[in-house]
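# Summary of structural features
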Amino acid sequence: MTDWKKDIDLNKLPKHIAVIMDGNGRWAQQQGHLRIFGHENGVKSVREIAEGCAELGVEYLTLYAFSTENWNRPKDEVDALMSLLVTTLKGELETLNKNKIRLHAIGNLKSLPEKCHEELSETIEKTKTNSGLNLILALSYSSYWEITEAVKKIATDYKNNTIQLDEITSDLISKHLNTASFPNPELMIRTSGEHRLSNYLLWQLAYAEFYFTEVLWPDFRKNHLAEAIYDYQNRERRFGKTSEQIAAEQTQ
Ligand code: FPP
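Residues numbered from 1 in each chain as written. Predicted model: local features only at pLDDT ≥ 70, side-chain atom pairs only at ≥ 80, totals over all residues. Heavy atoms only, no water.

## Describing the overall build of the chain
Scanning the chain from terminus to terminus reveals eight helices and six strands. What you see for the chain is a C-alpha radius of gyration of 19 Å, in line with the 18 Å of a compact globule of 252 residues. Projected onto the principal axes, the alpha-carbon positions of the chain cover approximately 55 × 50 × 35 Å. The buried share of the chain, taken over its 252 residues, is 44%. Residue pairs at least 24 apart in sequence account for 77% of intrachain contacts in the chain once pairs closer than 6 positions are excluded. When the accessible surface of the chain is split by element, carbon and sulfur atoms take 50% of a total near 13,600 Å². Measuring between centres, the 30 positive side-chain charges of the chain sit 2 Å from its 36 negative side-chain charges. (Helix = DSSP H or I, 4+ residues; strand = E, 2+ residues; numbered from the N terminus. Rg over C-alpha atoms; globule rule 2.2 N^0.38 Å. Buried < 20%, exposed > 50% of the residue type's maximum accessible area, 1.4 Å probe, protein only. Contact = heavy atoms within 4.5 Å. Areas by Shrake-Rupley, 256 points an atom, 1.4 Å probe, with all protein chains shown as cover. Lys, Arg positive; Asp, Glu negative; His and termini not counted. Charge placed at Lys NZ, Arg CZ, Asp CG, Glu CD.)

Okay, structure coming up:
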């Protein structure tokens, strides 16, 4: 087998990759199966991509596993997704530890079913000393929810005179988000040909490079991850500056 990572410059890796895992339902339906079959197969891609990131030395991987809006799906699908999460967390603990992967979660975790919340907390606790890839699951997550919560906390601090108006900076806002302890993603990948952010990490992706692929999530493999990273590595990231300024900084 050819080395899937041969074209990647290991010195120019994104530190943090965020993924919108889309297309599970269509993948299943194309084969005449129920949508949950797509989610079940999506877990294989989760495993593969987490392993790929760990192997490369990517430090953070955030996966959009369940959005606030996903609660509006048919009850059967929501229930099946929640039990898939529980069985996956139970089944993968050993692999997470073997690969030194530390699990985190962002989102309105209190809104998850009790069993799911418990399993999640337990896996987070049991992987907390792992020093490799940080795998962050966005669950019952949306940026509108996250930013609203941050605004409420900051407004309360202001009302209680704990902070002054001029202390409200973008840094302070970042510190009140669920992602406070993670760097912002440099690369966002969305599968299945949709070109939307769907309420995902709106603040954190302000300067990220976006990569869209037609591949449906259950088909997404390490070679697709490599293509996304290769594409990212061949872009010029300017952060509002000119190309000339960036070139001058690189020769300094
Ligand atoms: C989007 O595809 C996918 C989801 C809403 C769920 C993603 C969940 C998994 C991959 C499995 C569980 C994950 C973990 C981390 C254990 P879609 O259903 O919107 O697909 P469609 O657009 O084709 O309908």
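## Considering a nonpolar patch on the surface
Together, Tyr-158, Leu-165 and Ile-168 make up a nonpolar patch on the protein surface, roughly 290 Å² of accessible area in all. With respect to the helices, strands and loops of the structure, Leu-165 is situated in the loop between helix H5 (143–159) and helix H6 (170–175). Judged by relative accessible area, which is 58%, Leu-165 ranks as exposed. (Patch = residues over 30% accessible without salt bridge, like charges linked within 9 Å, V, L, I, M, F, W, Y side chains within 5 Å. Salt bridge = Lys/Arg side-chain N within 4 Å of Asp/Glu carboxyl O.)

## Quick word on the environment of Cys-116
Inspection of the secondary structure puts Cys-116 in helix H4 (residues 114–126). Take Cys-116: its relative accessible area is 2%, and that puts it in the buried class. Distance from Cys-116 to Leu-13, taken between C-alpha atoms, is 33 Å for residues 103 residues apart in sequence. Apart from residues no more than four positions distant in its own chain, Cys-116 is found in contact with Met-82, Leu-85 and Val-86.

## Focus: the packing of aromatic side chains
In the structure shown here, the tally under the stated rule is nine aromatic pairs. Seen in terms of ring centroids, Tyr-64 and Tyr-200 are 4.2 Å apart; in terms of plane orientation they differ by 15°. Their pairing is stacked. Placement of Tyr-64 in strand S2 (residues 60–67) and of Tyr-200 in the loop between strand S5 (187–190) and strand S6 (209–212) is noted, with a sequence separation of 136 residues between them. On the accessibility criterion, Tyr-200 (0% relative accessible area) is buried. An angle of 70° between the planes, with centres 4.8 Å apart, marks the rings of Phe-66 and Trp-71 as edge-to-face. An aromatic cluster of three or more residues is present, and its members are Tyr-64, Tyr-141 and Tyr-200. (Phe/Tyr/Trp six-rings, centres within 6.5 Å; stacked < 30°, edge-to-face > 60°.)

## Examining the site of the ligand
Asp-22, Gly-25, Arg-26, Arg-35 and Arg-73 are the nearest of the 18 residues found near the ligand. Note that an oxygen atom of the ligand is positioned 2.7 Å from one of the side-chain N or O atoms of Arg-73. Broken down by secondary-structure element, the contributors of at least two residues to the shell around the ligand are helix H1 (24–30), helix H2 (35–56) and helix H3 (75–98). The element contributing the most residues to the shell around the ligand is H2, with four residues. (Near = heavy atom within 4 Å. Polar contact = N/O pair within 3.5 Å; in protein donor to acceptor, adjacent residues only side chain to side chain.)

## Quick look at unusual backbone geometry
Positive phi values are uncommon outside glycine, yet Asn-199 reaches one of about 65°. Looking at the element boundaries, Asn-199 is found in the loop between S5 and S6. On the basis of relative accessible area, Asn-199 is assigned to the buried category, the value being 12%. Notably, Leu-201 is not glycine yet its phi reads approximately 45°, a positive angle. Structurally, Leu-201 is set in the loop between S5 and S6.

## Observations regarding the environment of His-39
Positionally, His-39 belongs in helix H2. Look at His-39 and you get buried, because its relative accessible area is 8%. Linking His-39 and Gly-23, residues 16 residues apart in sequence, is a C-alpha distance of 9.0 Å.

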